[in-house]
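# Overview (structure and organization)
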Amino acid sequence: QLQLVESGGGLVQPGGSLRLSCTASGFSLDDYSIGWFRQAPGKEREGVSCISSSGSAAYEDVVKGRFTISRDNAKNTVYLQMNRLKPEDTAVYHCSLPCGAAPVEYWGQGTQVTVSS
């Protein structure tokens, strides 16, 4: 079975931090780009970040300087460190394989991030 599983979401106050994890089972992530995207109620799905197989990262403008994507191939995991969270970051966050211009082949069920006082 090929699967991506997200974890790490939760409820945080504005200005707080969370680290999301995307872990693959059934295959290795080593040679793939992995992305994070999010969808909030009433909004279209939005790409957040993408990391290449070599570790190069790209971010949407609204999260630049606050979010950091990274990968640990030994753990078969990609992370999204989210700092200085804002209420508008509230969404269900999904990871995907691959990211960028290529069509998504796998995605996880998502993890809820809620930023509220």
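Residues numbered from 1 in each chain as written. Predicted model: local features only at pLDDT ≥ 70, side-chain atom pairs only at ≥ 80, totals over all residues. Heavy atoms only, no water.

Looking only at helices and strands, the chain has zero helices and 11 strands in total. Along the chain, from the amino end to the carboxyl end, the secondary structure elements read β-β-β-β-β-β-β-β-β-β-β. Taken over the C-alpha trace, the chain has a radius of gyration of 13 Å; the compact-globule value for 117 residues is 13 Å, and the two agree within 12%. With respect to the principal axes defined by its C-alpha atoms, the chain has extents near 40 × 25 × 25 Å. (Helix = DSSP H or I, 4+ residues; strand = E, 2+ residues; numbered from the N terminus. Rg over C-alpha atoms; globule rule 2.2 N^0.38 Å.)

Applying the stated criterion to the full structure yields two aromatic pairs. Here the aromatic rings of Phe-27 and Tyr-32 are separated by 6.5 Å at their centres, their planes lie at 85°, and the arrangement is edge-to-face. With relative accessibility at 17%, the residue Phe-27 sits in the buried group. Here Arg-19 stacks its cationic end above the ring of Tyr-79, 4.3 Å away from the centre of that ring. Here the basic side chain of Arg-45 rests over the ring of Phe-37, its NZ or CZ set 4.1 Å away from the ring centre. (Phe/Tyr/Trp six-rings, centres within 6.5 Å; stacked < 30°, edge-to-face > 60°. Buried < 20%, exposed > 50% of the residue type's maximum accessible area, 1.4 Å probe, protein only. Lys NZ or Arg CZ within 6 Å of the ring centre and 35° of its normal.)

Looking now at the state of the cysteines. Scanning the entire structure with this criterion turns up two disulfides. Between the sulfur atoms of Cys-50 and its disulfide mate Cys-99 the distance is 1.8 Å. As the torsion about the S-S bond is roughly 75°, the Cys-50-Cys-99 disulfide counts as right-handed. Of this pair, Cys-50 sits in strand β5 (residues 46-51) while Cys-99 sits in the loop between β9 (91-97) and β10 (106-107), and the two are 49 residues apart along the sequence. The residues Cys-50 and Cys-99 share a single accessibility class, namely buried. Among the cysteines of the chain that take part in disulfides, numbered as they appear in the sequence, the pairing is 1-3, 2-4. (Disulfide = S-S within 2.5 Å.)

This next bit is on the layout of surface pockets. Space left empty within the atom packing is revealed by a probe, the size of a water molecule, rolled over the atoms. Of the voids in this model, the largest pocket is the one considered here, and its volume is about 200 Å³. Lining the largest pocket are 17 residues, and of these Gly-47, Ser-49, Cys-50, Cys-99 and Gly-100 lie nearest its centre. Of all the elements in the fold, those that place two or more residues in the lining of the largest pocket are β4 (34-39), β5 and β6 (57-59). Looking at the lining of the largest pocket element by element, the count peaks at four residues for β5. A per-class count over the lining of the largest pocket returns 10 nonpolar, five polar and two charged. (1 Å grid on protein atoms, 1.4 Å probe; cavity = no way out; pocket = protein on both sides within 12 Å on 5 of 7 lines; lining within 4 Å. Points joined across faces, edges and corners; volume = space filled by probe spheres on them. Nonpolar A, V, L, I, M, F, W, Y, C, P; charged D, E, K, R; others polar.)

This part covers the pairing of strand β11 (residues 111-115). Alternating positions in β11 separate cleanly, Thr-111, Val-113 and Val-115 being buried on one face and Gln-112 and Thr-114 remaining unburied on the opposite face. The pairing of strand β2 (residues 10-12) with β11 spans three bridges and is parallel. In the sheet register, Val-12 faces β11, and the bridge partner there is Val-115. Where β9 lies against β11, three bridges are found, and the strand directions are antiparallel. The residue bridging Ala-91 from the neighbouring strand is Val-113, located in β11. (Pairing = 2+ DSSP bridges.)

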